[in-house]
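Fold and contact review
Residue strings, one per chain:
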Amino acid sequence: MSEVKLTAQTRTEFGKGAARRIRRANQVPGVLYGHGSDPIHLTLPGHELLLALRTPNVLISLDIDGKSNELAIPKDVQRDPLKGFLEHVDLQLVKRGEQVTVEIPVVAEGELAPGGNLLEHVLNALPVEAEATHIPESLTVSVEGLEVGASVLAKDIQLPNGVSLAVEEDTVVLQVLAAQAEEPAAEGEEGEEAAEA
């Protein structure tokens, strides 16, 4: 798991106007919370934060006002629905060695059995508990040769050492569905129209 260092400043201005001023300066407003401490309102560097958030569950080392260093993971990221820029981020304070619950993206690899079957991702990310500094970036699952009706349960996914499920073992993560065929009536109607013409 990668660790990214960011420099942050505490902020004292709140509200929409203050948030707009922060974003105009290519910064992102955020809140750091956790461990029973009071939330810390921060201003974070926009471009560096955007790059860091490309990695799911990235571990962020925050240098706050040059006084304190804190470790955090992203908990909620708000983006502009049209332009995609960051509007706000919530960060959860973590400590080395602490277990945290996070969602890890599930990546399927391999070819399904022949026949035009479809793979449905019931869960795109699997909730797990992991040590804060050793969160896997993704979980790879082989779907090689799976046929219609087959499913991959949470307990079937190989987890790295120190990572445990945070959902029921029988939770369906992936399932194979039959491809939907076109209705035969539609083809018959087209044939009748051709005959009439």
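Right above here is the structure, for reference.
Attention in this report is confined to the structure presented alongside it. (Residues numbered from 1 in each chain as written. Predicted model: local features only at pLDDT ≥ 70, side-chain atom pairs only at ≥ 80, totals over all residues. Heavy atoms only, no water.)

**Looking at the sheet that holds strand 3 (residues 37-45)**
To keep things clear, this is the line we draw: Strand pairing is defined by DSSP finding a minimum of two bridges between the two strands. Counting from the N terminus, the helices are the DSSP runs of H or I reaching at least four residues and the strands are the DSSP runs of E reaching at least two. Only the stretch in contact is used when a helix axis is fitted, and all axes are lines through C-alpha atoms; the angle between N-to-C directions ranges over 0 to 180 degrees. Contacts are assigned to residue pairs that have any heavy atoms within 4.5 Å of one another.
Ordered in space as 1-3-2-6-5-4, the 6 strands form a closed barrel in which the pairing is mixed. Pairwise comparison of adjacent strand axes, ignoring direction, gives a mean angle of 45 degrees for this sheet. In the sheet, strand 1 (residues 3-10) pairs with strand 3 via 2 bridges, with the strands oriented antiparallel. In the strand pairing of strand 3, Thr10 is matched with Leu42. In this fold helix 1 (residues 16-24) packs onto strand 2 (27-34), strand 3 and strand 6 (86-94), with an angle of close to 115 degrees to the strand it touches most, strand 2.

**Digging into the environment of Ile157**
Structurally, Ile157 can be placed in the loop between strand 11 (151-153) and strand 12 (164-165). Sequence-wise, Ile157 and Thr140 are 17 residues apart; in three dimensions their C-alpha atoms are separated by 8.0 Å. Once you skip the residues sitting within four places of it in the chain, Ile157 turns out to touch Leu126, Leu139, Val141, Val152 and Val173.

**Section: the sheet that holds strand 8 (residues 118-121)**
Taken in spatial order, the 3 strands of this open sheet run 8-13-11, and their pairing is antiparallel. Each end of this open sheet is capped by a strand with a single partner; those strands are strand 8 and strand 11. If you compare each strand with its neighbour and ignore which way they point, the axes differ by 15 degrees on average.

From the geometry alone we can't say anything about function, so treat these as descriptive.
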